Amino acid sequence: MIQGKVFLLMGAVGIVIGFIFSVFRAFRIAFKNTGNRFDFIVAQITDVLFAVAAFCIFTVGIYVFAGGEVRSYCFLGTLAGVFIYFLLPGRVIGIILHIFFKILYKIFVEIPKKVFTKFK
């Protein structure tokens, strides 16, 4: 009984990890082709930040929901949650986040670039 509850709660942890992956992926795609060196640096930084965030979320989930005991169904629940996230809402949320980051890119990069090049 407890294993089923922990499995489902770790599935929720997997959904959160999937959402965070979508955020980082949309950020990376939105800032792609801004310069070779910048693309490489953004890719490396976002990969490290995602790995740290996913590890922290998984660890807190294990501690809170499973009492700190790492069992195979904890891993399976997390994988199932990530899988479910990408099957159901992941694509739509990814598109929305991509549009959001593109708008931020235009506001903070393209518009100031055009404004400041006019004053040269």
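Conventions we followed
- Residues numbered from 1 in each chain as written.
- Predicted model: local features only at pLDDT ≥ 70, side-chain atom pairs only at ≥ 80, totals over all residues.
- Heavy atoms only, no water.
- Core = buried A, V, L, I, M, F, W, Y, C linked by side-chain atoms within 4.5 Å.
- Buried < 20%, exposed > 50% of the residue type's maximum accessible area, 1.4 Å probe, protein only.
- Helix = DSSP H or I, 4+ residues; strand = E, 2+ residues; numbered from the N terminus.
- Contact = heavy atoms within 4.5 Å.
- Expected span 1.5 Å × (residues − 1).
- Axes fitted to C-alpha atoms, helices over the stretch in contact; angles between N-to-C directions.
- Parallel < 35°, antiparallel > 145°, perpendicular 65-115°, else oblique.
- Left-handed = near helix turned anticlockwise from the far one by under 90°.
- Nonpolar A, V, L, I, M, F, W, Y, C, P; charged D, E, K, R; others polar.
- Salt bridge = Lys/Arg side-chain N within 4 Å of Asp/Glu carboxyl O.
- Polar contact = N/O pair within 3.5 Å; in protein donor to acceptor, adjacent residues only side chain to side chain.
- Patch = residues over 30% accessible without salt bridge, like charges linked within 9 Å, V, L, I, M, F, W, Y side chains within 5 Å.
- Areas by Shrake-Rupley, 256 points an atom, 1.4 Å probe, with all protein chains shown as cover.

Some remarks on the nonpolar core
Within the largest apolar cluster, 9 residues are counted, these being Val-6, Met-10, Val-13, Ile-17, Ala-54, Phe-58, Ile-62, Ala-66 and Cys-74. Sorting the residues of this core by element identifies helix H1 (2-30) and helix H2 (36-65) as the ones contributing at least two each. Looking at this core element by element, the count peaks at 4 residues for H1. What Phe-58 contacts, discounting residues up to four positions off in sequence, is Met-10, Val-13, Ile-17, Cys-74, Phe-75 and Thr-78. Judged by nonpolar contacts, the second largest core, of 6 residues, contains Ala-26, Ala-30, Leu-97 and Tyr-105.

Some points on H1
Here H1 contains 29 residues, and its C-alpha end-to-end distance of 42 Å stays within 8% of the 42 Å for a straight helix at 1.5 Å per residue. Buried within H1 are the following residues: Val-6, Met-10, Gly-11, Val-13, Gly-14, Ile-17, Gly-18, Ile-20, Ser-22, Ala-26 and Ala-30.

A few points about the environment of Ile-2
Mapped onto the elements of the fold, Ile-2 is located in helix H1. Its relative accessible area of 63% is what places Ile-2 among the exposed residues. Expressed as a C-alpha distance, the spacing of Ile-2 and Asp-47, which sit 45 residues apart in the sequence, is 34 Å.

Quick notes on the packing of H1 against helix H4 (residues 90-118)
Closest axis-to-axis distance for the H1/H4 pair is 8 Å, and the angle between their directions is 40°. Judged by the inter-axis angle, H1 sits oblique to H4. In terms of crossing hand, the pair formed by H1 and H4 is right-handed. On H4, the residues that touch Phe-19, Ser-22, Val-23, Ala-26, Phe-27, Ile-29 and Ala-30 of H1 are Gly-90, Ile-93, Gly-94, Leu-97, His-98, Phe-101, Lys-102 and Tyr-105. Here the residues of the contact of H1 with H4 sort into 10 nonpolar, 4 polar and 1 charged.

Considering the pattern of salt bridges
Under the counting rule described, the total for this entry stands at 2 salt bridges. Between Asp-47 and Arg-28 there is a salt bridge, with the nearest N and O atoms lying 2.3 Å from each other. One end of the pair, Asp-47, is in helix H2; the other, Arg-28, is in helix H1, with 19 residues separating them in the sequence. The class of Arg-28 is partly exposed, set by a relative accessible area of 32%.

Considering the side chain of Thr-46
Mapped onto the fold, Thr-46 is located in helix H2. Within the structure, the side chain of Thr-46 is placed 3.4 Å from the side chain of Arg-28, a separation counted as a polar contact.

Things to note about a nonpolar patch on the surface
Together, Ile-95, Ile-99, Ile-103, Ile-107, Phe-108, Ile-111, Val-115 and Phe-116 make up a nonpolar patch on the protein surface, roughly 800 Å² of accessible area in all. With respect to the helices and strands, Ile-95 occurs in helix H4. Judged by relative accessible area, which is 48%, Ile-95 ranks as partly exposed.

Nothing here speaks to function; it is geometry throughout.
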